[in-house]
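# Understanding the architecture of this molecule
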Amino acid sequence: MINIAIFASGSGSNAENIAEYFSGNKEIQISLILSNKADAFVHERAKKWGIPSLTCPKKEFDEGKRILEILRDHNIGFIVLAGFLLKIPDTLIETFPKKMINIHPALLPKYGGKGMYGDHVHKAVVAAGETESGITIHYVNEHYDEGQVIFQAKCEVLPTDTFEDVARKVHKLEYLHFPKVIEQTIGAAQKR
Ligand code: GRF
């Protein structure tokens, strides 16, 4: 059994979609949801699925020590970042080599890096007059949004689309692909 921890800072709709996908799975289970915010809605979603959820505030998270203890206590073997806004400390990256992945709501390397998260990304895509956007799932390394790309999927951006329209299309892609890509990536990690 592989135990996954999902890190999420806000609503957590991806976290919930992943929890639903793996519920009843005998090889992969979502064992922990971690947020840097005590009032993030993802905690409610965790409750609904009977998954323990914890808050690790920024200062403690940045130090790395406490978070490593938490992950060890829950026997976590794989980490999924789904709308998590803090930078990942190096100790964590070193402890989970190729065992931590992130989803970014655009086609990296475009619209990545510091400050490019959530609606900021979709607003920038619309402002630039892009004709397409999409999702990128990648391994996490020490630089924001620069780890090796595992998977991308595209959606069309129409001239009449608002940033909310683009966000909706991108979320749809996330729900469709992210759980399957997690499953495949864990499968690949086990073969190494
Ligand atoms: C998603 O679009 C994800 O790609 C981005 O943050 C958003 C999180 O949405 N990194 P939710 O909290 O899963 O609803």
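Now for a quick tour of the structure. Please read these numbers as outputs of a predicted model, since none were measured by experiment. (Residues numbered from 1 in each chain as written. Predicted model: local features only at pLDDT ≥ 70, side-chain atom pairs only at ≥ 80, totals over all residues. Heavy atoms only, no water.)

### Some words on the nonpolar core
I4, I6, V80, F178 and I182 are the most contacted members of the largest nonpolar core, which totals 38 residues. The biggest single contributor to this core is helix 7 (residues 163–191), with seven residues. Not counting residues within four places of it along the chain, the set of residues in contact with F178 comprises N14, I18, V80, L81, A82, I101, N102, I103, I137 and L173. Among the nonpolar cores identified, the runner-up in size contains 21 residues, and L68, L86, I93 and V140 belong to it. (Core = buried A, V, L, I, M, F, W, Y, C linked by side-chain atoms within 4.5 Å. Buried < 20%, exposed > 50% of the residue type's maximum accessible area, 1.4 Å probe, protein only. Helix = DSSP H or I, 4+ residues; strand = E, 2+ residues; numbered from the N terminus. Contact = heavy atoms within 4.5 Å.)

### Points about the packing of helix 1 (residues 13–22) against helix 7
Packing of helix 1 against helix 7 leaves a shortest axis separation of 10 Å and a crossing angle of 45 degrees. When the interaxial angle is binned, helix 1 and helix 7 end up oblique. For helix 1 against helix 7, the interelement crossing comes out right-handed. Seen from helix 1, the contacting residues are S13, N14, N17, I18, Y21 and F22; seen from helix 7, they are H171, E174, Y175, F178, P179, K180, I182 and E183. The class makeup of the residues in the contact of helix 1 with helix 7 is seven nonpolar, four polar and three charged. (Axes fitted to C-alpha atoms, helices over the stretch in contact; angles between N-to-C directions. Parallel < 35°, antiparallel > 145°, perpendicular 65-115°, else oblique. Left-handed = near helix turned anticlockwise from the far one by under 90°. Nonpolar A, V, L, I, M, F, W, Y, C, P; charged D, E, K, R; others polar.)

### What about the side chain of S9?
By secondary structure assignment, the location of S9 is in the loop between strand 1 (2–7) and helix 1. At 2.8 Å, the side chain of S9 and the side chain of N36 are in polar contact. Of note is the side chain of S9, whose polar atom sits 2.9 Å from the backbone nitrogen of L85. Excluding its chain neighbours within four sequence positions, the residues that come into contact with S9 are S35, N36, K37, A40, G83, F84 and L85. (Polar contact = N/O pair within 3.5 Å; in protein donor to acceptor, adjacent residues only side chain to side chain.)

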